[in-house]
Structure formats: C-alpha cells, structure tokens
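Next come the chains, spelled out residue by residue.
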Amino acid sequence: MAKITLVDDDENIVTSVGLALESHGHTVKAYYDGATGLAALESDPPDLAILDVKMPRMDGMEVLRRLRRTTDLPVIILTSKDEEIDEILGFNLGADDYIHKPFSQRLLIERVKALLRRVGADGEEPPPPANEASRAIKRGKLTLDPARHDCLWDSKPVKLTVTEFLLLQSLAQRPGFVKSRDNLMDAAYEDQVYVDDRTIDSHIKRMRKKFRDVDNSFDAIETLYGVGYRYRET
C-alpha cells in the first residue's frame, strides 16, 4: 500500500516492525544508522518515514532537522526516552507523530494508518472534491490548495507538513473564529490518536516561523491565551 522507510539501530525492532508493516501490505526499507538512513530518504523518498531518536553516526532528531530543509515527508519519531523535552523538540523540528518505546505493534500500525490517510497515501480512493475541506482557500495573502497540498503566502510557496497544513486549513476556513486546541486536534488527528496541548502549540510555533521566513511581518495566526487560536484575515 505504501513505501515506508524505517531507521533504527535495534535489530529486534527493525525485524518486528518491518514484519508487522509488511503484513499490512506496505513495502519496508530498513537502515541501522542515521547517516545511511538520511541518504536513502533523500535519494529515494518513501511515503512515510519512521525514525528512532538514539542512533549511531546521526541521531533521529538531526535526520529530521535535515529532512525538513527540503521535504514535508510524513515522519513518526520513535524513542525510548521519556523526557517531555524530547517530545517537544521532535514536534518543533516538524515530526508528525511521536511514539514512546516500548510500544505495541497495534499502536504503531494504527498511527501509520492514520498518518497515511491524512496524506492520501493509503491506497484508498480519495473522496470527490465536493466538500468544504477539499476546496481551495484564499484569505488575503494566503492561498491553500488541499488537493495539491500547496500553500502560498503573497504568491510565495511555504512548505508545510501534513499536520501543519491541516491545522492552518482548519483555522483559515473560518477567519475570526476561535479554535480551541481540542478543535484543532480533531482537525489534524484521527480520533484514536491522542496528543496534548503542547503538541498543538509546537506545530503552531513552527508554522509561524515558516511564514515569517517568507514575510517577517506575518501575524495572521493569533493566540488567545487560555482559549486557543484564530486566523486573522488581513
């Protein structure tokens, strides 16, 4: 169904995760260190990447950092670390999802299925473009085209991950209306995927930075402390 690249130095995890993914119809390529994995990801991009954090030669965070310079490839981070700062760093660098070791194979498969659905890489026939979520959006300098996953600000491209795109789409569909973090979670994540408030905040922070790299006066996403976020059309 999908091409998945797995980068992890633990052979047991590579074997078990690889077999589980292949049993669901996916094609899996595995690499055991960050530098080799990064080279493979850049030369032969898959539909989704799964990266361990602690690896020889280059850790998963650095692989993710370098990937995000050129691609919005969906990425799930795996880690045995249980410190909050690592999860926040992963989302700030542009991870789409985060799973702590040890984890069940069922959990990983569900997360992979959910992320592939969000990017339209699950092999299922996409719905016809007749609903609000599929229509192109024009809000001042912002243009969003969900069908092509294109985002423009003042006619300049802004590369967004799938999660960032879905969050921005939810905000821009109704400018001026406040979206709580729970509303935004519902827009960007499948029902079975739980994320906390810090995750949404990290995605918004990274998204703002991308727009300010294009236009340092960007202020279209407003924070209402204790309430949520809203899109301000200028």
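Structure shown above.
These numbers come from a predicted model, not from an experiment.

**Student:** Now, about the pattern of salt bridges: what can you tell me, with residues and values included?
**Tutor:** What the rule picks out here adds up to 19 salt bridges. For E62, the salt bridge is made with R65, and the minimal N-O distance between the two is 3.1 Å. Note that E62 and R65 are positioned in helix α3 (residues 60-67) at a spacing of 3 residues, about one turn of the helix. Classification of R65 by relative accessible area gives partly exposed; the value is 37%. Through salt bridges with shared partners, one network takes in D219, E222, R230 and R232.

**Student:** Please provide a residue-by-residue account of the environment of D59, values included.
**Tutor:** For D59, the location among the structural elements is in the loop between β3 (48-52) and α3. Taking the C-alpha atoms as reference points, D59 and D8, separated by 51 residues in sequence, lie 9.6 Å from one another. Separated by 3.2 Å, the side chain of D59 and the backbone nitrogen of M61 make a polar contact.

**Student:** Can you break down the environment of G140 residue by residue, with the values?
**Tutor:** Here G140 is to be found in the loop between β6 (137-139) and β7 (142-145). The exposure class of G140 is partly exposed, given its relative accessible area of 29%. Between the alpha carbons of G140 and A220 there is a distance of 9.6 Å; along the sequence they are 80 residues apart. Those residues in contact with G140 that lie beyond four places of it in its chain are E233 and T234.

**Student:** Give a description of the pairing of strand β4 (residues 75-79) that names residues and reports values.
**Tutor:** Consecutive side chains of a regular strand alternate in pointing toward one face of the sheet and then the other. Of all 5 residues that make up β4, 5 are buried, and the element is covered over most of its length. Burial along β4 is two-sided: the face carrying V75, I77 and T79 and the face carrying I76 and L78 are both buried. Across 4 bridges, the pairing between β3 and β4 is parallel. In the strand pairing of β4, L51 is matched with I77. For the segment spanning β3, α3 and β4, crossover handedness is right-handed. With 4 bridges connecting them, β4 and strand β5 (residues 97-100) associate as parallel partners. Bridging from a neighbouring strand, I77 pairs with Y98 of β5.

**Student:** Go over α3 with me, naming the residues and quoting the values.
**Tutor:** Among the residues of α3, G60, M61, V63, L64 and L67 are the ones counted as buried. Angular distribution of buried residues about the axis of α3 spans 160 degrees; they occupy a single face of the element. Between the side-chain oxygen of the N-cap and the backbone nitrogen of M61 there are 3.2 Å, and the N-cap of α3 in question is D59.

**Student:** Give a description of the sheet that holds β7 that names residues and reports values.
**Tutor:** Taken together, 4 strands build an open sheet; the order of strands is β6-β7-β8-β9 and the sheet is antiparallel. Strands with a single pairing partner mark the edges of an open sheet, and in this sheet they are β6 and β9 (156-157). Pairing analysis gives 4 bridges linking β7 to strand β8 (residues 150-153), with the strands arranged antiparallel. When the bridges of β8 are listed, L144 appears paired with C151.

Parameters and conventions
Chains are numbered independently. Their residues run from 1 in the order of the written sequence. Local features in this predicted model are restricted to residues whose pLDDT is 70 or higher, and side-chain atom pairs enter the listing and the counts only when it is 80 or higher, whereas totals over whole chains, interfaces and linings include all residues. As a convention, hydrogens and water are excluded, and side-chain values are obtained from all of the structure's heavy atoms. Criterion for a salt bridge: a side-chain nitrogen of Lys or Arg within 4 Å of a carboxyl oxygen of Asp or Glu. Helical segments are the DSSP runs of H or I of at least four residues, strand segments are the runs of E of at least two, and each set is numbered from the N terminus. Burial classes: relative accessible area under 20% of the type maximum marks a residue as buried, over 50% as exposed, and values in between as partly exposed (1.4 Å probe, protein chains only). Two N or O atoms form a polar contact when they lie within 3.5 Å of each other; inside protein one atom must be a possible hydrogen donor and the other a possible acceptor, and for residues adjacent in sequence the pair counts only when both atoms belong to side chains. The contact definition used throughout considers only heavy atoms, calling two residues in contact when any of these lie within 4.5 Å. One requirement defines pairing of two strands: DSSP has to find at least two bridges between them. Looking down the strands as they point away from the viewer, one classifies a crossover as right-handed if the path from the first strand across the helix to the second runs clockwise. Note: the arc covers the axis-to-C-beta directions of the helix.

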